[in-house]
Structures are given as structure tokens and as C-alpha cells.
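Overview (structure and organization)
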Amino acid sequence: MSSLQIKNLRKSYGAVEVLKDINLEAESGEFVALVGPSGCGKSTLLSIIAGLESVTSGEVLIEDHVVNDAAPKDRDIAMVFQSYALYPTMTVRQNMTFGMECRNIDKATQDETVKRVATLLQIEPLLNRKPGQLSGGQRQRVAMGRALVRDPKLFLFDEPLSNLDAKLRVEMRSEIKKLHQTVGRTTVYVTHDQIEAMTLATRIAVMYQGVLQQYDTPKTIYEKPANTFVAGFMGSPNMNFFKAKAVKNGDGFSVVIEGGEGTPLPLPADRYDTLTDGQSIIFGVRPEHFSPASDNRAERKGIASVAVPVRVDMDEPTGSETVLLTTIAGQNATIVCEPDAAPAIGDTVDFEIDMTKISLFDRKSELRL
Amino acid sequence: MADATTHQEFDPLATGSRSKQRRSRAIVYTLLVVFALIYISPLLIILTNAFRPLEEIVREGFISMPNSMSFGYWVEAWSTFCIGGTCEGVSRYFSNTLLMTVPATILSTAFGVVNGYALSKWRFKGDMWVFGLITLGVFLPAQMTLLPWAFVLGKLGLSNSIAGLVLVHTVQGISFTTLFCRNYFVSVPDDLIKAARIDGAGFWRIFRRIMLPLSPPILIVCVIWQFTGIWNEFLFGTVFTSGANQPITSAIVAFSGSGTGERHYNVEAASVIFAALPPLFIYVIGGKYFVRGLTSGAVK
Ligand SMILES: Nc1ncnc2c1ncn2[C@@H]1O[C@H](COP(=O)(O)OP(=O)(O)O)[C@@H](O)[C@H]1O
Ligand SMILES: [Mg+2]
């Protein structure tokens, strides 16, 4: 059963259309991440699901019922806000019971529920404090607690971690994942952080300028991005995009990076059958799919590969790996390699590209080939 | 909130050399004392005259230290002095004003808080127009509203009554209280309202449980503003009421010299102080919160 369905949804503020024909559907228990840059309409979409904003056209269904005209309280959802939105004059306990109080749930059940959720989130010692007396991380927990006491059909999160410092963010991230596994409720999670989306979601919806770019599993989104926007947005450091040409090469095709020596990089056979000889393409390679030619990684995996000469301009060691800012055939490229294998700055060394992991996009439409 | 008396972030006088600092400090304090004296002197003069016998005032003039003191004039002013044809002192007019000011303050504040809440948190088409029209009253001179009010009060049968003045002051006051409350509530994050709506709360429950508990600072501002404003108001009282129904501000106009016979400066001085005491009292008690409420946002 699908828990949430969004059909042909459009939303305009005056003449500005901020959501353009969104179609989305989440199975029961799924964790959907809405990801995209700031201003792409993620929060608007979430508000529409919550019933805080009206739709211009299209339908929102929760458990197969159209809820377009239902008030937020009748949609059986719970939401965690980026600002936490804790009621400042109420204690943590009152914050958590307010929703149950509005729904006339008896006092004994309220107490029991608060106790259960407080234990789950380890916030029992905070129950009698006011939000002003809590740290950022504690407020975050309380905000989640307020959502959890309700046991709703749908959890909505709007960038819940973006106000935390980096370390706490990683901690809370795994905690949210654990919570989802415990509670098992359908969740829609808005974030601009692609790592959060990758680590948490069962499916990711990538949005850009009000358009849903791709909706798929994290693995597919990462390995087979639908267009250059998705390819560039997901993954860090960013995917490299080279201007290139497809060249017919016997039965299959090769890629020739423009501006270089014209070395053909043979593509795996039986794929890319829509290519035409001489077609202008964008050749996408993730930074981790380069390896020093001296490793012979491609040979060991049994993939035919050709080395490309790489000039190293700068390095950024992160400790676990080293990011190389390089030039390939006159085009900028980022390469990630093991710290021990990093060549010296200024050197030109051969790197080979794992041709089974690359992405090709049409130069004009920027869509995946 | 930082307390102004215990914590100063920036001392504007603490620059330059020691002697220069001392000199600028002296100038500042001299100026402050001079202005303080200018503002306090009318109060002092009236206060001293309220204790002096009449012949002493006539003999030595208004500005002089009292030779002998008596509380008798205060008693006379409160209960037996003849003003505007009745000889009940100012007590009658004092209670008139109280009966006008307290309900009008409560009503206009209550309406203002609800208006401010609705206009800042439940946006609707044309809400800015509604807000603009309501707050137009802030800028409209009271004289302009005299004729319409006379008409309305006449139609309602409230001419020459305290209830009529309560109505006028409530409606006139809503402009101010709405402006204050709306601007204060704008700083309450919208997310709080959204969260409460998802929690299942409606308009009034959100008002009661979330907005009102955040409102004390602005409620104090409204109450002080309305109480002192309505108490001291003079024009409506004079125009719409007469005789025994007048508020105290209108009644003591009789002292302006239109009466025949002997002037009782000392009793009149005491009467005037009775008239001025409540707003003064309110301001002394609440002045600190007044300034705080005007400058603070709802949520830190
Ligand atoms: N109430 C509104 N009126 C007009 N424009 C709005 C309103 N709310 C959001 N927008 C616009 O809609 C777009 C999407 O906003 P939002 O959903 O908040 O983006 P995101 O959450 O992805 O950063 C933005 O360009 C924003 O300016
Ligand atoms: Mg947002």
C-alpha cells in the first residue's frame, strides 16, 4: 500500500510557479529524502503535504485518501521543523503533550506516552525544563519527541539537523536512522545535504527549480544520475564533467576527451546503443573512479582501460583520503586517491578511469545517455 | 534580558584623558540635573501649594516654601469642595474617570491583542488593508471624530454617560493596541503556529496557549498606554458629558477661572494632584516594563 502519493502537483505564488508537476509516491514505511539546493521548493512541498499550504493543482493522497482539503490536524501527520518550533512558554513535557491534549487523549495515556518517548530519546531529565534552557541538540531531540508521541501515519522533517554543529549532526543522523528502523513509519525528510539523503533514505527525490529531477534509490541516484544536475549535486567531491565526443570504435564506442591527445577511452560493449559517431557528449567521472595507472586496478578487474595523463595542480589531504585538483586535457578535474598514492604537485602522472562506472550525458539536453 | 543598571556595554564617556573624562562627565550631569528640575518643578510647586493656607499663598505668591502645613485641603478637595455646581469634591469625578478608564483599557487591550494575533498570524486576502484602516485611527486627529461620535452616541442613547465614553475610548484605543500587538506578534515565528496547527490546535487554543503566554510585555505596554491616555483625555469628556457625569479632567476645568468668587488655590492644587495620581502611579510601577515591552521581541 502506498502511504503517500503526490499526483501532478503544481504550486504558484502569484505568477511564480515554485513547484512544477511533481509526481511522487512512497510505500508504507519508506524513508523518502527530498534533496536539492536552497529555494528549490522542498519546504513548500513538505508544507503542502502537511496541509499548511494549499495546492494550485494536483492531488495529495495519504493512505489512498485525497487530503487536498483536509486541515493539517486531520491528516494524521507529525512534523519536525528546522527551527524546532518548540512552544517557548511550555515545559518540554507540555510541548510533548500539547498535541495529545488537543486531541482529548486522557491524562494517563499522555503520561505513559511521554514516558515511553522520553526514554527512547533519552530526554527524561529535561522534561520539566523550558526550551530556552536547552542546548541545540537537546531542542532537536525534544522536537523529535513531540512528533513521536503522536504515532502518526506520516513523519515530516524539514532540515531538522541543519542548525546543529557538524559532529552533533552526524550523531543525530544515525539516531534518526535508528529511530526510523524502530518506529517504521513512512517519513519524508527534507534536506539540502546530499550526504544526509544518501545515508538515511530508502528513496531520494532530487529537486531543482521546482522540478523533480529524479526519484530513485540512493544507489541508482548515485550510479545512474538522470541528468547532469543530479550527477553534480549528489556526491562529494562533485562528479567531473568533461566535454567529449563519442567515436565509433569497431563494434562499440569510445570516448574522446576534447582538448587532449585524442586517446580513445573504450566504453563497455553492449551499452550506450543510442550513441552516434561523433556525437558531442558530456563525460562524467566521479573523483573516486580514477586510480593511479601504476595500481593496474582496471587490469585486475578485467576491464580494458586506457591511462590518461593528469597534471596535479593542488592537493587537499583530508587524512583518510587525498583530493587532487588536476588538469586533464586542459579541463579541470578532481581526483580522490589514497594518501600514500598521491603524486607530488606539479607532476604529470597517468591515471586510469573505471569505464564501467562512468556516466554519459547529451551535451544539449544534459540528460543521461 | 540585560538589566540596564547593572550592565553597560558601552560607556560613551570613557574616552580621552582622565581630566577630559571628568569634564565631560560634569557637563552631562549638569545638563541632566537642569532638565530634571525643569520637569519636576511644576509638580513641586503644586504639591507645596496643596499644603499651604490660602492667605499665605496670596501673601507670598505661588513659589515659596510652606510655613505651615495642613492636610485639611486634601480632605476638602476629595469630599466637600464645590466643583461645577455639586459640592462633593473630586471624589465623584475621580470615580467617573475610574469607571470610564478601567473598562475602556481592558476592552481596548483585549480587542487589540486578538486583532494583532489575527493580523499577524492568520493572514488573509486584504489583511494589510484591514490593518491599515484600523491603525489609521492612530494618525486621525481626535477633533475630526467628534461629530461622528456625537451622532453615534446620540443614536445609541449614550449621550452624557460614562458608558458612552467607554465606547468612544475603546474604539479609539483599538487603533493603538492593534498596532502595538500586531508589530509585537510579527516577531513570533510562524513555525510555532504551524506546529500548533499540526498538533491539532485551532485559532483560540493557539491564542490561549501559545500567544497569550508570550504577551505580558506587550499587554503591559497596552495597559499603561491606554490607562494613562484615557485617564488624561479631556476633549471627549468635555464634549460628550456635562455636570455630574464628567470625568475628572473635564471637571477640574472649572478651576481655570471662569467661576465667580474666591479662588481656593490650595484645594484646587490638591484636586489636581488627585487627578494626576493614578497615571503617575501606573507609570512608576510599570514604566520599566513599558520600555522593555516596547523594545523587546516576543521570543529571544
Ligand atoms: N509565501 C511565499 N510567497 C512567495 N514565494 C514563496 C513563498 N514561500 C516560498 N516562496 C518561494 O518559493 C521558492 C521555494 O521555497 P522553499 O520551498 O522554501 O525552498 P527550499 O525549502 O527548497 O529552500 C523560493 O523561491 C521562495 O522564494
Ligand atoms: Mg526550506
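Residues numbered from 1 in each chain as written. Chains lettered and ligands numbered in written order. Predicted model: local features only at pLDDT ≥ 70, side-chain atom pairs only at ≥ 80, totals over all residues. Heavy atoms only, no water.

1. Description of the overall build of chain A
For chain A, the count of helices and strands is nine helices and 20 strands. In terms of principal-axis extent, the alpha carbons of chain A reach across some 75 × 45 × 35 Å. Of all 369 residues assigned to chain A, the portion counted as buried reaches 49%. Once local pairs closer than 6 in sequence are excluded, the contacts in chain A between residues at least 24 apart make up 66%. Of the roughly 16300 Å² of accessible surface on chain A, 48% is carried by carbon and sulfur atoms. Of the charged side chains in chain A, 41 are positive and 48 negative; the average position of the first set lies 6 Å away from that of the second. (Helix = DSSP H or I, 4+ residues; strand = E, 2+ residues; numbered from the N terminus. Buried < 20%, exposed > 50% of the residue type's maximum accessible area, 1.4 Å probe, protein only. Contact = heavy atoms within 4.5 Å. Areas by Shrake-Rupley, 256 points an atom, 1.4 Å probe, with all protein chains shown as cover. Lys, Arg positive; Asp, Glu negative; His and termini not counted. Charge placed at Lys NZ, Arg CZ, Asp CG, Glu CD.)

2. A closer look at empty space enclosed by the protein
Overall, the coordinates contain three cavities of 30 Å³ or more when judged by the stated rule. Each pocket or cavity is described by its volume, and for the largest cavity that value is around 100 Å³. In terms of lining, the largest cavity is formed by 13 residues, of which the most central are Leu148, Phe155, Phe157, Leu179 and His180 of chain A. Contributions of two or more residues to the lining of the largest cavity are made by α4 (136–148), β7 (154–158) and α5 (166–183) of chain A. In terms of residue class, the lining of the largest cavity is built from ten nonpolar, two polar and one charged. The computed volume of the second largest cavity comes to approximately 60 Å³. Listing elements by their share of the lining of the second largest cavity, those giving two or more residues are β6 (77–80) and α4 of chain A together with α8 (190–199) of chain B. For the lining of the second largest cavity, a count of residues per class yields seven nonpolar, no polar and three charged. (1 Å grid on protein atoms, 1.4 Å probe; cavity = no way out; pocket = protein on both sides within 12 Å on 5 of 7 lines; lining within 4 Å. Points joined across faces, edges and corners; volume = space filled by probe spheres on them. Nonpolar A, V, L, I, M, F, W, Y, C, P; charged D, E, K, R; others polar.)

3. Re the interface of chain B and chain A
Across the contact, 16 residues belong to chain B and 23 residues belong to chain A. Between chain B and chain A, a total of about 1800 Å² is buried, with carbon and sulfur atoms accounting for 61% of that surface. The three residues of chain B that bury the most area against chain A are Ile198, Asp199 and Arg209 of chain B, which together make up 39% of that side's buried surface. At the junction of chain B and chain A, the tally comes to two salt bridges. With a closest N to O distance of 3.7 Å, Arg205 of chain B and Glu101 of chain A form a salt bridge. At the junction of chain B with chain A, the criterion picks out six residue pairs in polar contact (both at pLDDT 80 or more). (Buried area = accessible area lost by both parts, 1.4 Å probe. Salt bridge = Lys/Arg side-chain N within 4 Å of Asp/Glu carboxyl O. Polar contact = N/O pair within 3.5 Å; in protein donor to acceptor, adjacent residues only side chain to side chain.)

4. Remarks on the domain arrangement of chain A
Often, the extent of an interface is quoted as the loss of accessible area upon association of its parts. Residues and elements named next belong to chain A. According to the domain assignment, chain A contains domain 1 (4–233) and domain 2 (240–362). Computed over C-alpha atoms only, the centres of domain 1 and domain 2 are separated by 39 Å. In this complex, domain 1 contributes nine residues to the contact, which on the side of domain 2 involves six residues. Interface area for domain 1 against domain 2, summed over the two sides, is near 610 Å², with a carbon-plus-sulfur share of 56%. Together, Tyr222, Thr228 and Ala231 form the three largest contributors to the area buried by domain 1 at its contact with domain 2, with a combined 68%. If you look at where domain 1 meets domain 2, you find zero salt bridges. (Domains from an automatic or database assignment.)

5. Quick word on the site of ligand 1
Residues and elements named next belong to chain A. Surrounding ligand 1, one finds Tyr13, Val18, Pro37, Ser38, Gly39, Cys40, Gly41, Lys42, Ser43 and Thr44. Within the backbone of Gly41, a nitrogen or oxygen atom sits 3.1 Å from an oxygen atom of ligand 1. The separation between an oxygen atom of ligand 1 and a polar main-chain atom of Lys42 is 2.9 Å. Here ligand 1 has 560 Å² of accessible area as a free molecule, and 55% of this is covered by the chains. Considering every element that reaches the shell around ligand 1, the biggest residue donor is helix α1 (residues 42–50), with three residues. (Near = heavy atom within 4 Å.)

6. Let's talk about the side chain of Gln5 of chain A
Structurally, Gln5 of chain A is set in strand β1 (residues 2–13). When sequence neighbours within four positions are dropped, the list of residues in contact with Gln5 of chain A reads Leu24, Glu25, Glu59, Val60, Leu61 and Asp64 of chain A.

7. Observations regarding the packing of helix α7 (residues 162–185) of chain B against helix α10 (residues 216–232) of chain B
Residue and element names in this part refer to chain B. Remark: α7 packs on α10, axes separated minimally by 10 Å, with the N-to-C direction vectors making an angle of 155 degrees. On the basis of their axis angle, the class for α7 and α10 is roughly antiparallel. The two elements α7 and α10 meet at a crossing, and its hand is right-handed. Contact with α7, carried on its side by His169, Gly173, Phe176, Thr177, Phe180, Cys181 and Tyr184, involves Pro217, Ile218, Val221, Cys222, Trp225, Gln226 and Ile230 of α10 and no other residues of that element. Considered class by class, the residues forming the contact of α7 with α10 number ten nonpolar, four polar and no charged. (Axes fitted to C-alpha atoms, helices over the stretch in contact; angles between N-to-C directions. Parallel < 35°, antiparallel > 145°, perpendicular 65-115°, else oblique. Left-handed = near helix turned anticlockwise from the far one by under 90°.)

8. Some points on the UniProt feature "transmembrane region" (unreviewed entry) in chain B
Residue and element names in this part refer to chain B. Sequence positions flagged by UniProt for "transmembrane region" (unreviewed entry) are, in local numbering, residues 26–47, 98–118, 130–150, 162–185, 206–227 and 269–291. Across residues 26–47, the secondary structure splits into 100% helix and 0% strand, with the terminal C-alpha atoms separated by 30 Å. Structurally, residues 162–185 is divided into 100% helix and 0% strand, and its ends, taken at the C-alpha atoms, are 32 Å apart. (UniProt positions renumbered as here; feature names shortened; annotations may be inferred.)

9. Regarding the packing of aromatic side chains
Applying the stated criterion across every chain, the model contains 25 aromatic pairs over all chains. Relative to Phe157 of chain A, the ring of Phe155 of chain A lies with its centre 6.3 Å away and its plane at 40 degrees, an arrangement referred to as tilted. Pair check on accessibility: Phe155 of chain A and Phe157 of chain A agree, each one buried. For the ring pair Trp78 of chain B and Phe94 of chain B, a centre distance of 5.2 Å and an interplane angle of 65 degrees mean the geometry is edge-to-face. Here Trp78 of chain B is found in helix α3 (residues 72–79), whereas its partner Phe94 of chain B is found in helix α4 (residues 91–121), with 16 residues between them in sequence. Judged by relative accessible area, which is 31%, Trp78 of chain B ranks as partly exposed. (Phe/Tyr/Trp six-rings, centres within 6.5 Å; stacked < 30°, edge-to-face > 60°.)

10. Remarks on the nonpolar core
All names here are of chain A. Of all hydrophobic cores here, the largest spans 58 residues; its most connected members are Leu4, Leu45 and Leu156. In this structure Leu45 touches Ile6, Leu9, Leu19, Ile22, Leu34 and Met207, once residues within four positions along its chain are discounted. Leu86, Leu148, Leu161 and Ile221 belong to the second-largest nonpolar core, a separate cluster that totals 42 residues. (Core = buried A, V, L, I, M, F, W, Y, C linked by side-chain atoms within 4.5 Å.)

11. Looking at the layout of surface pockets
Residue and element names in this part refer to chain B. Each pocket or cavity is described by its volume, and for the second largest pocket that value is around 480 Å³. If you go around the second largest pocket, you meet 14 residues; those closest to its centre are Lys121, Arg123, Asp190, Lys194 and Arg197. Taken together, the elements giving at least two residues each to the lining of the second largest pocket come down to α4 and α8. Among the elements that line the lining of the second largest pocket, the one with the most residues is α8, at four residues.

12. Some details on the side chain of Asp191 of chain B
Within the secondary structure, Asp191 of chain B sits in helix α8. No salt bridge is formed by the buried Asp191 of chain B. Its closest oppositely charged neighbour is Lys194 of chain B, at 4.1 Å. Excluding residues within four positions of it along the chain, Asp191 of chain B makes contact with Phe81, Ser83 and Ala85 of chain A.

13. With respect to a nonpolar patch on the surface
Residues and elements named next belong to chain B. On the surface, Val33, Leu37, Ile40, Leu43, Leu44, Leu277, Leu280 and Val284 cluster together into a nonpolar patch covering about 710 Å² of accessible area. Looking at the nonpolar patch, the elements with two or more residues in it are α1 (18–49) and α13 (265–295). Residue contributions to the nonpolar patch peak at five residues, all from α1. (Patch = residues over 30% accessible without salt bridge, like charges linked within 9 Å, V, L, I, M, F, W, Y side chains within 5 Å.)

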